[in-house]
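Next come the chains, spelled out residue by residue.
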Amino acid sequence: MLSRRDFLAKGSAFCAITVYAPGTLGAQSKILTPATPFIKEINSICEMCSTRCPITVESRLGKLFIRGNLNAKSFGGKVCARGTSGSKLLNDPHRLVKPIKRTGPRGSGQWQEIEWEEAYQLIAVNLNQVRDQYGPEAIAVSSKSGSLSNHAFHFGKAIGTPNIFSHGSTCPISYAVAAKVMFGNELKLDLENSKYILNFGHNLYEGVNMSMTRGLLAAQEKGTVKVVVFEPRLSVMADKADEWHAIKPGTDIAVVLALSHVLIEEQLYDESFVQQYVSGFEDFATSMARYSPEWASEVCGISAGDIRRIARELAAAAPAAIADHGHRCTFTPEEFDLRRGIYAINVLLGNIERKGGVYFAKNSKLYNKLAGEAVAPSLEKIKVEGLPTPVLPRIDLAQAQFKYAAKAGGLYQSIIPAALQQQPYAIKAWVMSRSNPVQTVTDRTQVQKALEAMDFVVACDVYISESAAYADVVLPESTYLERDEDISDYSAKSPAYALRQQATDTIGNTRPSWQIFKEIADAMALGQFFPWQDIADYQQRQVANNPELLPQLRKEGYLSFGIPLLMREPDMVAKFRQHYPNAQPVSERGDYGHQLQFTTPSGKIELSSPSLEKIAPGRSVISYRPVTLKQPGELYFIQGKSALHTNAATQNIPLLYDLQPDNPVWIHPDTAAKLGISDGDSITITSQVGEEQGTAKVTLGIRKDTVFAHMGFGSKNQELTRAFGKGVHCGALLPHATAAITGSNVHTTGVTIRRV
Ligand code: SF4
């Protein structure tokens, strides 16, 4: 008998028949009505990446057209290429539209369609069995970020497991943890008004974040900003910069510390800001005294003269100058002090809450307090009584240094040793909500083994993703165009909210995640922890004290309240006070600087952290520690985002696949010549944990000692028919490594390359 995989293999060899996996839209015997838009125009939120831009979905001639919601001015009323392709996802015959259960070995591609009731019963029986036998903490729950994670994480809490994870440790966790330790909260960047931007590999023109990217673009179009990029590759960001420094991977921190050295040595820092708001400056300054530009130049290869000049230029532009926290370029085990070091430059520039600097989101509570009146409505936090208290600590808290990371989404990769070596204790079941660890966590082989070792795996997804392929049951989630969700807080310089709304009929038998987790909880006799009837009831609870907000949001999709405010910007504060006669009095400087609060142990910005010293001795002060990212003879392997795909989530979507089907490996012409490689050659790329086949892209836009590939490609799951086998699977080449304190999964390693 032929398995589905054998049939696919033979089919591809002998004919061009398209075979669809059970449960997918294309496999349905009855032709399902394509999306029938029932409303002409509706405002909602994009979900093609985690930026979640407000959008307007228009139905015309039976087709959906997606554009930016003009109410959301900072997003510019625009969407990116991925944003426009939502309707392709909606109608893709490969998307899952019925629940399926595994009928062969894990990952064999043998599935059977089942009804929702059977799926829920299977899940309830198996999860209850794991909980009864090993305890609730043996169940891990992981979810993509956004409002769907609210429901998945709440489900984890209802079970009583502490092991709840976002994808943060494979992506933004390092700067989130660094900000938390130093400021108590995350910061936003006022790129549009900045006069000088230092960028350490935050490739905003490919890893598009619509609001930030448009702010940067506006500043560059005005010609009022200088952008200096440190990145091993000529990314689009580097190409559009005024200066590109092709820095050696893993050495950014040397430049960062040397910049602080110059700012302090030449007394170019904002002394009064430091005196008023900073704790630990003396320790920090003592540490920075060691890191001269000459020292840094030896480490990173950037000239000492350039470092001094850039420090002086930054200081001259301050406070309208930013050191961007950086995102997804070179990773290092010393992520924590790299990100803290970058934030420290901002502190020395005194740019906190200044135009062109960095700032904190102004939620309604803070804004209304400053205004002395209720300018913006507030959302209620939905409290559920009686949730079980976990008995054991999280698996990633086996090391106290990860205290902050555990609160910022956890160490996603810690599920692997828990599954394979029962370290620190066993994880036996995994509930995945649109998360894809087989692609995003390092060392694909180990992740696959961890999934195979589980007693039970549930995936909730729109495709049979590479991780869902190893599940026992896959539940088809409605796409973002087919579901309503909770109200989300979008506050920035003033309070704002947005609402995702159903824009078209649901295709097939899919359900939104809020409903899926509520119904699994019902099947597990945990329904008392999900007291809302449906999402409309949930939304009503969110606006219990401001019921008028919901109908307004249903109409507008996005609402902002008040006028923009930066608390240390006297002009903006003066305007704010004109607007709100009962506003709080200002400081001697004519601003709200005296109201600025930092939720750190000292109540100040912590340039050194005594409380960190207790959980990670020797780490209170920002310091340089050398790292080894590759062995002699190897090339650095770095990855980055594409403007046409979101991590590993969109490679199979028609249109986006057509625009970028794979990820050729960038290699410098001199390096390629030494290896006998020409542009377009097939290559084998090898690391200590894996080997991948790819194509060479020979280009001057990369260092000689480094190779690069866009992440998320090289799927090994045949159900993803378009993406299958296209390009290099980065996760298969990356060994497991975890950065200190932040828990970041390190995505840079050494590789060798040869022509096939
Ligand atoms: S940046 Fe693009 S893909 Fe991401 S939410 Fe905005 S429009 Fe959608």
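What you see is a predicted model; the values in this text were computed from it and never measured.

Draft legend 1. Up close: the packing of helix H4 (residues 116-134) against helix H20 (residues 513-523). Relative to each other, H4 and H20 sit at 60 degrees, their axes nearing to 9 Å. Judged by the inter-axis angle, H4 sits oblique to H20. When you trace H4 past H20, the crossing you get is right-handed. Contacts between H4 and H20 involve Trp-116, Tyr-120, Gln-121, Ile-123 and Ala-124 from the first element and Gln-515, Ile-516, Glu-519, Ile-520 and Ala-523 from the second. Of the residues that constitute the contact of H4 with H20, the class distribution is seven nonpolar, two polar and one charged.

Draft legend 2. Representation of unusual backbone geometry in the model. At the junction of Ala-318 and Pro-319, the peptide bond is cis and its omega measures out at 5 degrees in the coordinates. Inspection of the secondary structure assignment puts Pro-319 in the loop between helix H13 (304-317) and strand S13 (321-323). Across the junction of Gln-423 and Pro-424, the peptide omega takes the value -5 degrees, indicating a cis bond. For Pro-424, the position within the fold is in the loop between helix H17 (415-420) and strand S15 (429-433). The backbone of Arg-328 shows a phi angle near 55 degrees, a positive value even though the residue is not glycine. Turning to its location among the elements, Arg-328 is positioned in the loop between S13 and helix H14 (335-349). The backbone of Arg-434 sits at a positive phi, close to 55 degrees, despite the residue not being glycine. With respect to the helices and strands, the residue Arg-434 is situated in the loop between S15 and helix H18 (437-440). Taking relative accessible area as the criterion, Arg-434 reaches 16% and is therefore assigned buried.

Draft legend 3. Focus on the site of the ligand. In the vicinity of the ligand, the contacting residues are Cys-46, Met-48, Cys-49, Thr-51, Arg-52, Cys-53, Val-79, Cys-80, Arg-82, Gly-83 and Val-208. Spatially, the ligand is embedded in the second largest cavity.

Draft legend 4. Expanded view of the pairing of strand S1 (residues 41-45). The element S1 is largely enclosed, with a buried count of four among its five residues. Judged from the five bridges that link them, S1 and strand S2 (residues 54-60) form a sheet pairing that is antiparallel. Bridge pairing in S2 places Ile-45 opposite Pro-54.

Draft legend 5. Layout of H20. With eight of its eleven residues buried, H20 lies for the most part within the structure. When we look at burial in H20, the residues that qualify are Ser-513, Trp-514, Gln-515, Ile-516, Phe-517, Lys-518, Ile-520 and Ala-521. On its buried side, H20 packs onto H4, helix H5 (147-159), S15, strand S16 (456-461), strand S17 (473-476) and helix H21 (535-542). Once H20 finishes, Ala-525 follows within two positions and takes phi at roughly 60 degrees, a positive value.

Draft legend 6. Region of the structure containing the domain arrangement of the protein chain. Domain boundaries assigned for the protein chain yield domain 1 (40-91), domain 2 (190-353 + 602-615), domain 3 (364-376 + 562-594) and domain 4 (635-755). Between domain 1 and domain 2, roughly 600 Å² of surface is buried when both sides are summed, and carbon and sulfur atoms account for 59% of that area. Inspection of the region where domain 1 meets domain 2 yields zero salt bridges. In terms of residue class, the side of domain 1 that touches domain 2 is made up of five nonpolar, three polar and two charged.

Cut-offs and rules
- Throughout this description, residue numbers start from 1 for each chain and increase along the sequence as written.
- In keeping with the model being predicted, local features are shown solely for residues with a pLDDT of at least 70 and side-chain atom pairs are shown and tallied solely at 80 or more, while totals for entire chains, interfaces and linings include all residues.
- Where side-chain values are given, they derive from all heavy atoms of the structure, hydrogens and water being excluded.
- Throughout, an axis means a line fitted to C-alpha atoms (over the contacting stretch in the case of helices), and angles, computed between N-to-C directions, take values from 0 to 180 degrees.
- Helix numbering and strand numbering both begin at the N terminus, where a helix is a DSSP run of H or I of at least 4 residues and a strand a DSSP run of E of at least 2.
- To sort the angles, those under 35 degrees are grouped as roughly parallel, those over 145 as roughly antiparallel, those from 65 to 115 as roughly perpendicular, and the leftovers as oblique.
- Each crossing gets its hand from how the near helix is turned against the far one by less than a right angle, where anticlockwise is left-handed and clockwise is right-handed.
- Any pair of residues with heavy atoms lying within 4.5 Å of one another is described as a contacting pair.
- For this classification, Asp, Glu, Lys and Arg are treated as charged, while Ala, Val, Leu, Ile, Met, Phe, Trp, Tyr, Cys and Pro are nonpolar and the rest, including Gly, are polar.
- Accessible area is worked out with a 1.4 Å probe on protein chains only. A residue is then buried under 20% of its type maximum, exposed over 50%, and partly exposed in between.
- Residue proximity to a molecule or strand is established when one non-hydrogen atom of the residue lies within 4 Å of it.
- Points on a 1 Å grid over protein atoms alone make up a cavity when a 1.4 Å probe fits among them but cannot get out, and a pocket when they form an open set with protein on both sides within 12 Å along at least five of seven lines; lining residues each have an atom within 4 Å of a point.
- Any molecule with more than half of its atoms within 2 Å of a cavity's or pocket's grid points is counted as sitting in it.
- Strands are treated as partners if at least two bridges between them are detected by DSSP.
- Start and end positions for the domains come from either an automated domain assignment or a database one.
- By definition, the buried area sums, over both parts, the 1.4 Å-probe accessible area that each loses when the two are put together.
- Whenever Lys or Arg places a side-chain nitrogen within 4 Å of a carboxyl oxygen from Asp or Glu, that contact is recorded as a salt bridge.

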